[in-house]
Amino acid sequence: MSINLCIDWGNTNIKAAIFDNDVLTKQYIFSEEAALEEVSTIMNTYKPVKAILCSVVHHTDELCHLLKSKIPSFINLNGFTRLPINNAYLSQDTLGADRVALVCGAHLAFPDKNNLVIGAGSCITYNLMQKNKTFRGGAISPGLRMRLKAMHTFTDRLPEIGLDGELLLLGYDTPTCMLSGAVFGMACEIDGMIAEYGKQYPDFNAILTGGDASFFAGKLKSKIFADPDLLLKGLNLILNYNVSFPR
């Protein structure tokens, strides 16, 4: 039996998943403050033999030290990590590890397609994974919370609002107008990007994932697959690949 621990350290939360023989069996979400305690509990409960950490933020090395000390095979995903795909991205030193994991997960799920993976998080990323196993790049634009925060920060009178307000296409006051512009504007952006990629790449597939993906349920005109666990599945693939090909 092979137990893998995959950890996604994002800008807002930390996610952890247990894979038992490549089947995702358990997920956890916790804050940075609770990371050491939560991961320790997970390791004591499931006794994983392999682990991978994907982080897009700067943080202390305590979690890495913990994982290295307790787990025989540990990978800290970075620009030098072996990948089961070809990476044609030029500035790999600034490439987010989460984007790499997303495209690996997409190729695992749809190996015969050109996949556009749309990650809706702090930023929204568009990531093209060609069916020849090559990650080409894509685009990055502000995410939902960033758009709302920018409207408040760079104006004198627009209020600071969250994503828990009433969502209407036709806003009736300033908060509902701001939320409408952010959500429906972003939905139109996603539809437009999918349409443009679809013109250039045959056998095209669009996949939506990320913490804010649920805001676009029923609002996109494009045919799209939704997989909230795509990044974790990609991490598990990278982990298994590196253990098979140790440094």
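Given the structure is predicted, the values throughout are model-derived calculations rather than measurements.

Visitor: Quick question: what am I supposed to make of the packing of aromatic side chains here?
Guide: For any pair of aromatic rings, geometry is given as the distance between the ring centres together with the angle between the planes. What the rule picks out here adds up to 3 aromatic pairs. A ring pair is formed by F110 and F225, whose centres lie 5.0 Å apart and whose planes are at 40°; its orientation type is tilted. Of this pair, F110 sits in the loop between α3 (97-109) and β7 (114-120) while F225 sits in strand β11 (residues 225-226), placing them 115 residues apart in sequence. Note on F110: relative accessible area 23%, which makes it partly exposed.

Visitor: Is there a simple way to think about unusual backbone geometry in this case?
Guide: Most peptide bonds are trans, and most residues other than glycine sit at a negative phi. Non-glycine residue N21 carries a positive phi angle of around 55°. You can see N21 is positioned in the loop between β2 (14-20) and β3 (23-30). Taking the relative accessible area as the measure of exposure, N21 reaches 47% and is therefore partly exposed. Despite not being glycine, D22 has its phi angle at roughly 70°, a positive value. By the secondary structure assignment, D22 is in the loop between β2 and β3.

Visitor: How should the packing of α3 against helix α6 (residues 230-244) be read in this particular structure?
Guide: A pair of packed helices is characterised by two quantities: the angle between their axes and the separation of those axes. Look at α3 against α6: their axes get within 7 Å of each other, and the N-to-C directions meet at 85°. Classified by the interaxial angle, the pair formed by α3 and α6 is roughly perpendicular. When α3 is examined against α6, the residues D98, V100, A101, L102, C104, G105, A106 and L108 are found in contact with a partner set consisting of L230, L231, K233, G234, L235, L237 and I238. Among the residues forming the contact of α3 with α6, the class breakdown is 11 nonpolar, 2 polar and 2 charged.

Visitor: Is there a simple way to think about the nonpolar core in this case?
Guide: Of all hydrophobic cores here, the largest spans 28 residues; its most connected members are I52, L77, I85, F135, L235 and I238. Going through the elements one at a time, β2, β4 (50-55), α3 and α6 are the ones with two or more residues in this core. Ranked by residues supplied to this core, first place goes to α3 with 7 residues. Discounting residues that sit within four places of it in the chain, F135 has contacts with I85, N86, N87, A88, Y89, L95, R99, V103, N127, L128 and M129. In terms of nonpolar packing, the next biggest core, distinct from the first, is built from 23 residues, L144, L179, M186 and L208 among them.

Visitor: Would you mind going over α3 with me for this structure?
Guide: Given 3.6 residues per helical turn, the α-helix brings residues three or four places apart onto the same face. Across its 13 residues, α3 extends 19 Å between first and last C-alpha, which sits within 8% of the 18 Å expected from 1.5 Å per residue. Counting buried residues in α3 gives 10 out of 13 residues, a clear majority hidden from the surface. Residues of α3 that are buried include every one of A97, R99, V100, A101, L102, V103, C104, G105, A106 and H107, and no others. Contacts made by the buried residues of α3 are with β4, β7, β8 (123-130), β9 (134-142), β10 (204-209) and α6.

Visitor: Just checking my understanding: could you explain the pairing of β10 for this structure?
Guide: Residues in a regular strand project their side chains so that they alternate between the two faces of the sheet. Counted residue by residue, β10 has 5 buried out of 6 residues, so it is predominantly covered. Taken together, the 6 bridges between β7 and β10 define a ladder with parallel strand orientation. By the bridge assignment for β10, N115 is matched with N205. As judged from the 2 bridges shared by β10 and β11, these two strands associate in the parallel manner. Pairing of L208 across the sheet is with A226, part of β11.

Visitor: Would you mind going over the sheet that holds β3 with me for this structure?
Guide: Adjacent strands of a sheet form backbone hydrogen bonds with each other and so pair up, either parallel or antiparallel. Taking strand neighbours across the sheet as the criterion, the 5 strands line up as β3-β2-β1-β4-β5 in an open arrangement whose pairing is mixed. Edge positions in the open sheet fall to β3 and β5 (73-76), since each of these has one partner strand only. Geometrically, the sheet is characterised by an average inter-axis angle of 15° between neighbouring strands, direction not taken into account. Direction of pairing for strand β1 (residues 3-9) relative to β4: parallel, over a ladder of 6 bridges. Within β4, the position partnered with C6 by the bridge is I52. Each of β1, β2, β3, β4 and β5 touches α6; the most contacted strand, β1, lies at about 125° to it.

Visitor: Quick question: what am I supposed to make of the sheet that holds β7 here?
Guide: Taken in spatial order, the 6 strands of this open sheet run β6-β9-β8-β7-β10-β11, and their pairing is mixed. Two strands bound the open sheet, and with one partner strand each, they are β6 (86-87) and β11. On the sheet, helix α5 (residues 174-200) packs against β7, β8, β9 and β10 and is oriented at approximately 15° with respect to β8.

About the cut-offs
- Residues numbered from 1 in each chain as written.
- Predicted model: local features only at pLDDT ≥ 70, side-chain atom pairs only at ≥ 80, totals over all residues.
- Heavy atoms only, no water.
- Phe/Tyr/Trp six-rings, centres within 6.5 Å; stacked < 30°, edge-to-face > 60°.
- Helix = DSSP H or I, 4+ residues; strand = E, 2+ residues; numbered from the N terminus.
- Buried < 20%, exposed > 50% of the residue type's maximum accessible area, 1.4 Å probe, protein only.
- Axes fitted to C-alpha atoms, helices over the stretch in contact; angles between N-to-C directions.
- Parallel < 35°, antiparallel > 145°, perpendicular 65-115°, else oblique.
- Contact = heavy atoms within 4.5 Å.
- Nonpolar A, V, L, I, M, F, W, Y, C, P; charged D, E, K, R; others polar.
- Core = buried A, V, L, I, M, F, W, Y, C linked by side-chain atoms within 4.5 Å.
- Expected span 1.5 Å × (residues − 1).
- Pairing = 2+ DSSP bridges.

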